[in-house]
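# Close look at the chain arrangement
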Amino acid sequence: MAIKELKQSNYEWIDLHNPDAKELEKIANKYSLNYYTLTDSLEPNHLPKFENQDTINFFIVRLVHENLKRKTNIESLTNKIAVFYNDHLLITIHRIEIPFLEEIIEKYIKTEKIYTVNSIVIKIIWNTLYTYNTSILKILSKVENLENKVFLKSPDSSSNILQNMYLLKRKVNICMKLLILTDEVINSVKPTKQEKPAHQDVKDLQVKLSTLYEQVIEDINNLLNLYISLASLKSNDIMKTLTIFSIFFMPLTFIAGIYGMNFKYMPELEKAWGYPVILIIMLIITLIIYYWLKRKKWL
């Protein structure tokens with residue numbers, strides 16, 4: 001548990017890193033906050049949302065891990081920041097260390113580039129969204145590698161290609177849903193005239209990221225369909241080869257079957273030229289079939 005307090009002339013910022021129940025109760029009593037909302041803010045699976053309470057606003061946003069794991073659920077892919085704020089108070093709550101919170105203090109507050117709670121809130125949301133930008137670049141690189149594997153290798157040469165595509169699609173879908181829900185949080189923040197440019201930057205970033213994630217989802221779907229088509233084509237080629245072999249051997253097997261019945265009075269059995277004649281007939285049939293397949297352009 002770690003608590004950081006930053007007091008400015010017109011507001012106070014309290015940052016809680018993985019607080020326990022007693023610390024949350026202390027904060028709730030000190031600032032007249034709903035204790036159950038505070039404890040609820042630490043639940044790991046909460047989706048982005050915004051609530052306007054009596055004297056304070058409350059919202060949750062989720063940022064993407066820099067190192068995307070193989071698991072495909074919200075808790076494993078993202079971390080959560082819960083924020084309580086009004087004009088004079090800002091409380092941020094999170095379970096893991098969030099580096100960009102310290103960056104906001106160093107780059108913007110200490111240098112007096114921003115001096116209102118609303119401006120800090122806008123910066124928190126912007127930095128949260130930017131983690132999606134970092135992750136989409138990594139996802140695009142993975143999609144490109146999968147494309148190379150699909151096109152440059154046999155579809156069945158790597159058994160995990162299909163699994164990797166599915167996992168990647170799941171991750172992108174989760175991120176896309178979180179971006180859509182974060183849009184409600186962005187629109188619920190009410191900027192002042194001076195804060196509108198920064199707020200518009202956040203909106204633009206959200207639209208850009210949503211567009212990128214939509215495009216990646218479409219690319220992955222196309223790649224999945226292409227992979228399945230190539231696998232089907234490979235199977236069709238194998239069936240075509242087996243069918244061609246069967247076309248050649250069916251008439252030859254038919255002839256061999258007739259002369260293998262071992263009846264005593266079958267024609268040509270006792271003729272000296274019977275065996276070579278049958279072989280010649282088989283050869284002629286094979287050549288006719290070969291010519292016919294060539295003419296049909298099946299060979």
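Above this note sits the structure.
Residues numbered from 1 in each chain as written. Predicted model: local features only at pLDDT ≥ 70, side-chain atom pairs only at ≥ 80, totals over all residues. Heavy atoms only, no water.

## Some thoughts on the overall build of the chain
Tallying secondary structure elements over the chain gives 8 helices and 6 strands in all. Taken from N to C terminus, the helices and strands of the chain fall in the order β-β-α-α-β-β-α-β-β-α-α-α-α-α. Taking 19 Å as the expected radius of gyration for a compact globule of 299 residues, we find that the chain reaches 35 Å, considerably beyond that expectation. Across its three principal directions, the C-alpha atoms of the chain cover 120 × 40 × 30 Å. Burial status across the chain gives 40% buried among its 299 residues. Expressed as a percentage of contacts within the chain between residues at least 6 apart in sequence, the contacts between residues at least 24 apart total 64%. Within the structure as shown, the chain displays about 17900 Å² of accessible surface, and the carbon and sulfur contribution to it stands at 57%. Across the chain, 37 positive and 32 negative side-chain charges occur, with their mean positions spaced 10 Å apart. (Helix = DSSP H or I, 4+ residues; strand = E, 2+ residues; numbered from the N terminus. Rg over C-alpha atoms; globule rule 2.2 N^0.38 Å. Buried < 20%, exposed > 50% of the residue type's maximum accessible area, 1.4 Å probe, protein only. Contact = heavy atoms within 4.5 Å. Areas by Shrake-Rupley, 256 points an atom, 1.4 Å probe, with all protein chains shown as cover. Lys, Arg positive; Asp, Glu negative; His and termini not counted. Charge placed at Lys NZ, Arg CZ, Asp CG, Glu CD.)

## Brief notes about the packing of aromatic side chains
Tallied over the entire structure, the rule returns 5 aromatic pairs. Measuring from centroid to centroid gives 6.4 Å for Tyr 132 and Tyr 213, while their planes differ by 75°, and the two rings are edge-to-face. Placement of Tyr 132 in helix 5 (residues 117–152) and of Tyr 213 in helix 7 (residues 196–258) is noted, with a sequence separation of 81 residues between them. The pair formed by Tyr 132 and Tyr 213 is uniform in burial state, with each residue classed as buried. A connected cluster of aromatic rings, assembled from ring pairs, spans Phe 50, Phe 59 and Tyr 85. (Phe/Tyr/Trp six-rings, centres within 6.5 Å; stacked < 30°, edge-to-face > 60°.)

## Regarding the side chain of Thr 182
You can see Thr 182 is positioned in helix 6 (residues 161–188). Note on Thr 182: relative accessible area 2%, which makes it buried. Residue contacts for Thr 182: discarding those within four places in its chain leaves Pro 48, Val 61 and Leu 129.

## Looking at the pattern of salt bridges
Counting across every chain of the model gives 3 salt bridges. Close ionic contact of Glu 102 with Lys 4 constitutes a salt bridge, the shortest N to O distance being 3.1 Å. Placement of the pair is Glu 102 in helix 4 (residues 99–109) and Lys 4 in strand 1 (residues 2–7), with a sequence separation of 98 residues. Judged by relative accessible area, which is 39%, Lys 4 ranks as partly exposed. With a closest N to O distance of 3.2 Å, Lys 49 and Glu 51 form a salt bridge. Residue class for Lys 49 comes out partly exposed when judged on its relative accessible area of 23%. (Salt bridge = Lys/Arg side-chain N within 4 Å of Asp/Glu carboxyl O.)

## Section: unusual backbone geometry
Within the chain, Ser 32 stands out as a residue other than glycine whose phi angle is a positive 55°. Along the chain, the position of Ser 32 falls in the loop between helix 1 (21–31) and helix 2 (35–40). Of the residues examined, Ser 32 reaches a relative accessible area of 63% and is grouped as exposed. Positive phi values are uncommon outside glycine, yet Glu 112 reaches one of about 60°.

## Description of helix 1
For an α-helix, 3.6 residues make a turn, and residues three or four places apart therefore share a direction. Along helix 1, the residues that are buried comprise Glu 23, Leu 24, Ile 27, Ala 28 and Tyr 31. Angular distribution of buried residues about the axis of helix 1 spans 135°; they occupy a single face of the element. Exposed residues on helix 1 whose side chains face more than 90 degrees from its buried face are Lys 22, Lys 26, Asn 29 and Lys 30. (Arc of directions from axis to C-beta.)

## Here's the deal with the nonpolar core
Nonpolar side chains in soluble globular proteins generally cluster together in the buried interior. Trp 13, Phe 59, Tyr 85, Ile 109, Ile 120, Ile 125 and Tyr 213 are the most contacted members of the largest nonpolar core, which has 55 residues in total. Mapped by element, the contributors of at least two residues to this core are strand 4 (57–64), strand 5 (78–85), helix 4, helix 5, helix 6 and helix 7. If one sorts the elements of this core by residue count, helix 5 sits on top with 13 residues. Residues in contact with Trp 13, not counting those within four places in the same chain, are Lys 4, Glu 5, Leu 6, Leu 90, Thr 92, Leu 101, Ile 104, Ile 105, Ile 109 and Ile 120. (Core = buried A, V, L, I, M, F, W, Y, C linked by side-chain atoms within 4.5 Å.)

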